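As a plain string of letters, each chain reads:
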Amino acid sequence: MMKNFKRLALLFAFFLVVGVLAACGGSSEEGSSGSEDGGSEEGSGESGSITVGGSSAMQPLVAAAAEEYMAENSDAQIDVQGGGSGTGLSEVSAGNFDIGNSDYFAESKDDIDADELVDHKVAVVGMTAAAHPEVGVDNLSKDELKDIFTGEITNWSEVGGADEEITLVNRPDGSGTRATFNEFGLDGEEPAEGITEDSSNRVMQIVNDTPGAVGYLSFAYFERNEDIVPLGIDGVEPTDENVQTGDFPIWAYQHSYTQGEPEGLEKEFLDYMMSEEVQTSLLPDQGYIPATEMEVERDAEGNESDIE
């Protein structure tokens, strides 16, 4: 009798332990499944932090993309800075930026070893001269544009506009916007002395507030201030479509450079920049042109050719 009782007690204990283990296993599986679902809802991106900086023309786009990426991936921190394209290239080369943004090819900067950098062309930007709302001009010939910025023409009345003295607003050396405008707007000529501002935001503000002022900006900034006048060239309007076909001459790739092939959060963010969500929605909303929609292309020497 006693032996039977002991056997029953042992069997009862065995089944009790098995039941507890099964319950724990089910709870663990449910918890794991819930964690995976929760991770999917909050985003499964890389954690950590990176610093992205350089081109002020690119800054609004990259900042908007970073904000959306971080909203979907709460463990990621992306610090977006300006400073100009020269700063973007030098700081990513020095390892101070994880991603360096530039309006021009790294090969065009003498003190940068372009072989150490990997180029990611995330967009195309169109640029043109930006004039005060009351200058009375919305189109210039290429020669008139060059004469204005080199100081040969000093009053808007000389090109059919208001009797208003011209005030030039430039970006500093090292600015990708300046380099692009000088090369493709002024055919390599250097602009005359004028007001010099470190950011496109400041150029936009000064042109807006200063009678007779003219500077140069990417198309994105005309979306932000509809009062300043984007100037056409030789009768060609500064539009995305005219840039895509190569009819409007002042445009540049928006480069994001990394030191070697990107990994971790760098790679995830650059992949996000090239995603359909950004390329077909956020990017055009910010005033940029997807590189995939271009009908022409340029190399580091500025040679342009049709895309076949």
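All values derive from a computational prediction rather than experimental measurement.

Engineer: Looking at this model, I keep getting lost on the overall build of the chain. Mind explaining?
Structural biologist: Within the chain, the regular secondary structure consists of 10 helices and 13 strands. Within the chain, the fraction of its 308 residues that count as buried is 44%. Across the chain, every contact between residues at least 6 apart in sequence was considered, and the portion connecting residues at least 24 apart equals 73%. Total accessible area on the chain is roughly 15,300 Å²; 45% of this is exposed by carbon and sulfur atoms.

Engineer: Quick question: what am I supposed to make of the packing of helix α4 (residues 142–149) against helix α5 (residues 176–185) here?
Structural biologist: Two quantities define a packed helix pair, namely the angle between the helix axes and the distance between the axes. It is at 11 Å that the axes of α4 and α5 come closest, and there the two elements cross at 130°. The angle between α4 and α5 falls in the class oblique. Between α4 and α5, the residues in contact are Lys142, Leu145, Lys146 and Phe149 and Phe181, Phe184 and Gly185, respectively. When the residues that make up the contact of α4 with α5 are grouped by side-chain class, the tally is 4 nonpolar, 1 polar and 2 charged.

Engineer: Even after reading the chapter, I still don't get the packing of aromatic side chains, so can you show me in this structure?
Structural biologist: This structure, assessed with the given rule, holds 8 aromatic pairs. Consider the rings of Phe149 and Phe181, whose centres lie 4.9 Å apart with planes at 65°: the pair is edge-to-face. Taken together, the residues Phe149 in helix α4 and Phe181 in helix α5 connect sequence positions 32 residues apart. On the basis of relative accessible area, Phe181 is assigned to the buried category, the value being 0%. Taken together, a centroid distance of 5.9 Å and an interplanar angle of 55° make the contact between Phe149 and Tyr216 tilted. A residue pair is termed long-range when its members are at least 10 positions apart, and Phe149 in helix α4 and Tyr216 in strand β8 (residues 213–218) qualify at 67 residues. Taken individually, Phe149 and Tyr216 each receive the classification buried, so the pair is uniform in this respect.

Engineer: It is not clear to me how the pairing of β8 should be interpreted in this structure. Could you clarify?
Structural biologist: Put simply, side chains in a regular strand alternate between the two faces of the sheet. Along β8, 6 of the 6 residues are buried, which leaves the element largely enclosed by surrounding structure. Neither face of β8 is left uncovered, since the one carrying Ala213, Gly215 and Leu217 and the one carrying Val214, Tyr216 and Ser218 both have all their residues buried.

Engineer: How do you make sense of the pairing of strand β3 (residues 99–102) when you look at a structure like this?
Structural biologist: Neither face of β3 is exposed, since Ile99 and Asn101 on one face and Gly100 and Ser102 on the opposite face are all buried. Where strand β1 (residues 48–54) meets β3, 3 bridges bridge the pair, whose relative direction is parallel. Across the sheet, Val52 pairs through a bridge with Ile99, a residue of β3. With 3 bridges joining them, β3 and strand β11 (residues 251–259) adopt antiparallel strand pairing. Across the sheet, Gly100 pairs through a bridge with Tyr257, a residue of β11.

Engineer: Explain the side chain of Thr180 here, please?
Structural biologist: Structurally, Thr180 can be placed in helix α5. By relative accessible area, Thr180 is classed as buried at 3%. Those residues in contact with Thr180 that sit more than four places away from it in its chain are Asp103, Met127, Gly185, Ile250, Trp251 and Ala252.

Engineer: Is there a simple way to think about the side chain of Lys146 in this case?
Structural biologist: Topologically, Lys146 is positioned in helix α4. The residues touching Lys146, leaving out its near neighbours within four places in the chain, are Gly185, Leu186, Asp187 and Glu189.

Engineer: Honestly, the pattern of salt bridges in this entry has me stumped. Any pointers?
Structural biologist: Inspection of every chain in the model, using the stated rule, returns 10 salt bridges. Residue Lys146 is joined to Asp187 by a salt bridge in which the shortest nitrogen-to-oxygen separation is 3.1 Å. Placement of Lys146 in helix α4 and of Asp187 in the loop between α5 and β7 (195–196) is noted, with a sequence separation of 41 residues between them. Judged by its relative accessible area of 44%, Asp187 falls in the partly exposed class.

Engineer: Can you help me understand α4 in this one?
Structural biologist: What sets the pattern is the α-helix's 3.6 residues per turn: residues three or four places apart point alike. The complete set of buried residues in α4 reads Lys142, Leu145, Lys146, Ile148 and Phe149. Taken down its axis, α4 places every buried residue within 160° of arc, on the same side. Those residues of α4 that are buried lie in contact with β4 (117–131), β5 (139–140), β6 (167–170), α5, β8 and β10 (232–233). Once α4 ends, the next one or two residues include Gly151, with phi positive near 90°.

Engineer: Is there a simple way to explain the environment of Glu295 in this structure?
Structural biologist: For Glu295, the location among the structural elements is in the loop between α10 (276–285) and β12 (296–298). A C-alpha to C-alpha distance of 5.4 Å links Glu295 and Thr245, two positions 50 residues apart in sequence. Not counting residues up to four positions away in its chain, the partners in contact with Glu295 are Gln244, Thr245, Ser305, Asp306 and Ile307.

Engineer: Just checking my understanding: could you explain unusual backbone geometry for this structure?
Structural biologist: Glycine aside, negative phi is the norm for most residues, and most peptide bonds take the trans geometry. Phi at Asp187 is positive, roughly 55°, even though this residue is not glycine. Positive phi, close to 55°, is recorded for Asp234, a residue that is not glycine. Note that Asp234 resides in the loop between β10 and α8 (240–244). A residue is classified by how much of its surface remains accessible, and Asp234, at 52% relative accessible area, is exposed.

Criteria and cut-off values
Residues numbered from 1 in each chain as written. Predicted model: local features only at pLDDT ≥ 70, side-chain atom pairs only at ≥ 80, totals over all residues. Heavy atoms only, no water. Helix = DSSP H or I, 4+ residues; strand = E, 2+ residues; numbered from the N terminus. Buried < 20%, exposed > 50% of the residue type's maximum accessible area, 1.4 Å probe, protein only. Contact = heavy atoms within 4.5 Å. Areas by Shrake-Rupley, 256 points an atom, 1.4 Å probe, with all protein chains shown as cover. Axes fitted to C-alpha atoms, helices over the stretch in contact; angles between N-to-C directions. Parallel < 35°, antiparallel > 145°, perpendicular 65-115°, else oblique. Nonpolar A, V, L, I, M, F, W, Y, C, P; charged D, E, K, R; others polar. Phe/Tyr/Trp six-rings, centres within 6.5 Å; stacked < 30°, edge-to-face > 60°. Pairing = 2+ DSSP bridges. Salt bridge = Lys/Arg side-chain N within 4 Å of Asp/Glu carboxyl O. Arc of directions from axis to C-beta.

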